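# Analysis of the macromolecular model
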Amino acid sequence: MATREIVSPLPGVFYQRPSPDDPVYKSEGDTVAVGDVIGLVEVMKSFHPIASDVAGTVVRYLTDNEDAVMAGQALIEIEE
Amino acid sequence: MIKKLLIANRGEIAVRIIRAARELGIETVQVHSTADADSLAVKMADVAVEVGPPQAAKSYLNTEAILHAAKEHSVDAIHPGYGFFSENADFVDAVVDAGMVFVGPSGDTIRRMGDKVAARQAAMEAGVPTVPGSAGRIGDMEEAREIARQTGFPVMIKAAAGGGGRGIRVVENIEQFDREAPQASAEALAAFGDGGLYLERFIGRSRHVEVQVLGDGERAVHLYERECSLQRRRQKVWEEAPSTALSAQVREDLCAAAIRLTEAVQYRGAGTIEFLYDDQSGEYVFIEMNTRIQVEHPVSELITGIDLIREMILIAGGERLAFEQKDIQVRGHAIEVRINAEDPAKDFMPFPGTITGVSLPGGPGVRFDGMIYPGYSIPPFYDSLLGKLIVWDSSRERAIERLKRALGEMSIEGVTTTRSLFAALADAPDVRSGAVDTRWLEGWLEDNADHLWQ
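Rules and cut-offs
Residues numbered from 1 in each chain as written. Chains lettered and ligands numbered in written order. Predicted model: local features only at pLDDT ≥ 70, side-chain atom pairs only at ≥ 80, totals over all residues. Helix = DSSP H or I, 4+ residues; strand = E, 2+ residues; numbered from the N terminus. Rg over C-alpha atoms; globule rule 2.2 N^0.38 Å. Contact = placed C-beta atoms within 7 Å. Nonpolar A, V, L, I, M, F, W, Y, C, P; charged D, E, K, R; others polar. Buried ≥ 20, exposed ≤ 12 C-beta atoms within 10 Å, placed from the backbone. Pairing = 2+ DSSP bridges. Axes fitted to C-alpha atoms, helices over the stretch in contact; angles between N-to-C directions.

### Topic: the overall build of chain B
Regarding its fold elements, chain B presents 15 helices and 20 strands. On C-alpha atoms alone, chain B measures out to a radius of gyration of 21 Å, which is about the 22 Å that the 2.2 N^0.38 rule sets for 454 residues. Expressed along its principal axes, the backbone C-alpha trace of chain B runs to roughly 55 × 50 × 45 Å. If you take every contact in chain B between residues at least 6 apart in sequence, the share linking residues at least 24 apart comes to 66%.

See below:
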């Protein structure tokens with residue numbers, strides 16, 4: 001099975017959950033469908049949902065919650 | 001008297017405050033995050049102090065680090081600008097407890113007027129008309145859903161600690177409410193350090209008209225109104241003064257209502273009373289009071305000749321209002337457009353990057369309040385505002401022509417900006433005739449997407 005990384009299209013701050021009181025979008029072992037939101041990137045005060053373009057199973061997040069990210073940085077690893 | 005002022009903000013407003021302070025002979029201390037070490041405000045200030053990492057919650061919203069910097073450099077006062085701590089009563093109390101002056105109203109005034117629910121109560125008591133909605137701040141999402149159902153859709157979700165349009169969403173049904181309310185709360189928490197929400201009935205066609213006020217704690221004056229109806233996703237993009245929609249009688253009533261509320265709460269400093277105005281009925285309703293300086297303050301400065309940042313600092317230093325209402329006269333017309341690092345052709349996608357070249361407009365009646373210079377890298381962590389182009393002329397028609405001329409002279413290379421939006425808007429017949437409301441721009445954007453290529 002191949003693994004794929006979903007990268008941030010934007011620089012900003014990465015969030016693994018929709019709001020601080022909510023559970024994370026995905027956990028290790030969760031199933032991911034194409035179009036599933038795996039996190040948010042906050043860039044210039046606007047929140048951009050990051051959707052998966054592959055289907056598979058979550059291996060792990062590659063960026064911590066609330067970490068600064070560069071455009072092109074890997075956010076999550078998914079096993080197809 | 002204030003001798004040394006700390007600026008607890010960044011970007012163009014920090015630069016604006018440094019300029020006002022310098023003209024008053026006041027020393028400036030600029031706090032900044034690691035991401036803003038190369039900012040213009042840091043270069044211009046007498047002293048710069050790093051207070052934390054890029055994320056605002058850890059730097060510009062870090063009370064301990066900011067107060068530490070203030071004490072270390074023995075400042076007398078802290079100017080909050082807009083956003084960040086500008087409407088945070090606990091921060092104000094902490095500043096005062098530390099023996100310094102907060103440039104703005106008291107913590108108690110901010111608590112009352114900054115909490116939109118209590119503000120509505122104050123407005124009602126001052127005889128100012130208000131909008132129906134939730135009786136107070138919503139505790140949890142279950143309660144919020146129930147109140148949304150009762151108020152009836154469409155409903156506006158607003159941040160209790162908010163202002164400036166951040167964290168405000170209009171939702172059409174309960175499914176959309178479930179999706180958007182948590183995001184609204186997250187945005188509010190990120191922007192203001194408080195995720196509390198309240199709900200208000202959404203009012204369809206109306207104009208956004210707001211009155212600029214200045215108070216010294218006892219007496220208040222107004223600097224007439226601004227109209228900010230051109231908005232996208234509830235963010236103002238083009239503001240002007242005066243409003244062309246108001247009759248002389250409505251203007252007088254509206255400004256008098258604003259003064260009643262300002263004096264009723266013994267307001268000290270610069271503030272704005274926001275209203276929705278319906279041209280059909282001639283009715284206006286209070287929406288909120290912003291207890292801070294606003295982004296669009298320059299248009300009021302240009303039509304009245306009063307420097308609002310200077311007056312804020314003087315009032316904070318203990319002076320009384322320097323003028324009577326009769327001394328404040330409107331002359332001509334002013335327009336401000338927000339030059340944001342966003343791509344209008346790609347649904348206003350934020351566009352952080354490095355500025356390779358800047359050519360700013362000049363000549364009569366043109367002002368640019370900005371923070372950009374060649375080689376400046378725009379950090380992705382804060383808002384997208386690069387600067388504000390403000391023009392003044394003897395009439396609105398002439399001001400629009402002057403705006404077009406100034407936009408033509410302006411070039412910002414290396415990043416995409418909203419310049420092309422304003423060049424197109426300045427030629428739009430509805431903008432030229434003033435036939436707009438707060439929903440007009442979004443409709444126009446859908447119809448004119450191809451005019452927005454640079």
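### Let's talk about the interface of chain A and chain B
Chain A puts 15 residues into the contact, and the matching count from chain B is 19 residues. Those elements giving two or more residues to the side of chain A that touches chain B turn out to be strand 2 (12-15), strand 4 (37-43) and strand 5 (46-51) of chain A. Its residues assigned to classes, the side of chain A that touches chain B shows eight nonpolar, three polar and four charged.

### Some remarks on helix 10 (residues 297-304) of chain B
Residue and element names in this part refer to chain B. Most of helix 10 is tucked away: eight of the eight residues are buried. Those residues of helix 10 not exposed but buried are His297, Pro298, Val299, Ser300, Glu301, Leu302, Ile303 and Thr304. Backbone geometry just after helix 10 places Gly305 at a positive phi near 75°.

### Section: the sheet that holds strand 14 (residues 333-340) of chain B
Residues and elements named next belong to chain B. With respect to topology, eight strands assemble into an open sheet ordered 13-12-9-10-11-14-19-18, the strand pairing being antiparallel. The open sheet is flanked by strand 13 (283-290) and strand 18 (366-370), the only strands paired with a single partner. Strand-to-strand twist in this sheet, taken as the mean axis angle between neighbours without regard to direction, amounts to 25°. Relative to strand 19 (residues 385-393), strand 14 runs antiparallel, the two sharing eight bridges. Paired with Glu336 across the strands is Ile390, a residue of strand 19.

### Topic: the environment of Gln329 of chain B
Mapped onto the elements, Gln329 of chain B comes out in the loop between helix 11 (308-316) and strand 14. Expressed as a C-alpha distance, the spacing of Gln329 of chain B and Tyr224 of chain B, which sit 105 residues apart in the sequence, is 8.7 Å.

### Some thoughts on the sheet that holds strand 6 (residues 155-159) of chain B
All names here are of chain B. Strand order in this open sheet of three strands is 7-6-8, and the pairing throughout is antiparallel. Taken across any chain shown, the strands that pair with only one partner, and hence form the sheet edges, are strand 7 (169-171) and strand 8 (197-201). Recorded for the sheet is a direction-independent mean angle of 30° between the axes of neighbouring strands. For strand 6 and strand 7, the ladder comprises three bridges, and the chain directions are antiparallel. In the sheet register, Val155 faces strand 7, and the bridge partner there is Val171.

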